[in-house]
Amino acid sequence: MSAHIADQVVERVKFSKYGFVIQLDESTDVTNCSQLLVYVRFTPNNAAKTELLLNQDLSSTTTGKDIFNVLDNFFKQNELDWEKLDGCTTDEAPSMFDRKSEVRWLSRDNTARRLFELRDELLVFFTEKEHDFQTDLEDEDFISRLAYLSDIFGALNHLNLSFQGPDCTVTEFISKLGAFIRKLDLWMKNVESKRYGMFELLTALESEPTDEFAQEIVHHFSLLKTELKHYFPDVTCCTC
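The shown structure was predicted, so the numbers you read here are calculated from the model rather than taken from an experiment.

Draft legend 1. Expanded view of helix 4 (residues 119-129). Of the positions making up helix 4, those classed as buried are Leu122, Phe125 and Phe126. Buried residues of helix 4 fall within an arc of 90° about the axis and therefore sit on the same side. Exposed and oriented more than 90 degrees from the buried face of helix 4 are Asp120 and Glu128. The elements touched by buried residues of helix 4 are helix 3 (111-117) and helix 5 (133-137). After helix 4 finishes, the residue glutamate 130 shows a positive phi value of roughly 55°.

Okay, here's the thing in C-alpha cells:
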C-alpha cells in the first residue's frame, strides 16, 4: 500500500462519523516472515467502508504484546484516537489486552463465547463509554440468548472439526452427521421438558430460559435439522 493511499485512509478514519472498528490478521509470507494486516471499518459519510489500514512486518516474536506495541505506535504516529475505537476482532493473531480497559480482544472463531465470558468486564467498559450496548449486557434475556448461541456454536464447531483431516472416511462422516441429527431430536425433547443440562453456559446462569425462549430454541433446532437434511440429502436419508 503506497504512503499516499495510507495517508488518505488514516485521514478518513480520523473523521469517521461513528468511530471505527479494526480486524487484525497475523500471517506468514512466502519468505516465512510474519506480517500484521490491520483492516479498518468506518463510516466516512453514511455508508460503512472497509479499507486496509496497516501492513507491517513483525519481529521474530509475535506475542500479543508485540502486536499491541506495533498498533499503538501506528496510532501515535498517525494521531489516531484510541477512544474512537469501538471494537476489534482477531484472525490468527494472538490475544492481547487493551492497556486502558483490560478487555481481551475477541477472537473471530469463538466470539460469542468470549463475549459471554467477558460480559462483566465489557459491561464496565461500555458503561464508562456510555454505549448503548450496556443495556443489552444488563438484560438477562439477552445474556441467556448469548449463552445459548455460545453453546450451539461450540457444538457445531466441534462437529465441523471432527470432519477434518485425511483420516475421516465417508462412513465416519455419515455416522457423525447422523449422530448429531439424532442428538438434535434428543435436545428438542429435553428443552420441551425444561432440561438444559446439555448447555454448558446456559446452565451456568442463575435463571432458566423463559417459556418463550425455550420455544425459540426448539424451533431453532428444528430449522437446523431441516438445513442439514437439505444440504446433505444423500447422507441424512441413510441415518434418520
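Draft legend 2. A look at unusual backbone geometry. We note that glutamate 79 has phi near 55°; this positive angle belongs to a residue other than glycine. With respect to the helices and strands, glutamate 79 occurs in the loop between helix 2 (64-77) and strand 4 (85-91). Residue classification places glutamate 79 among the exposed positions, given a relative accessible area of 64%. One non-glycine residue, glutamate 130, lies in the positive phi region at around 55°. You can see glutamate 130 is positioned in the loop between helix 4 and helix 5. Judged by relative accessible area, glutamate 130 falls into the exposed class, the value being 69%.

What counts and how
- Residues numbered from 1 in each chain as written.
- Predicted model: local features only at pLDDT ≥ 70, side-chain atom pairs only at ≥ 80, totals over all residues.
- Heavy atoms only, no water.
- Buried < 20%, exposed > 50% of the residue type's maximum accessible area, 1.4 Å probe, protein only.
- Helix = DSSP H or I, 4+ residues; strand = E, 2+ residues; numbered from the N terminus.
- Arc of directions from axis to C-beta.
- Contact = heavy atoms within 4.5 Å.

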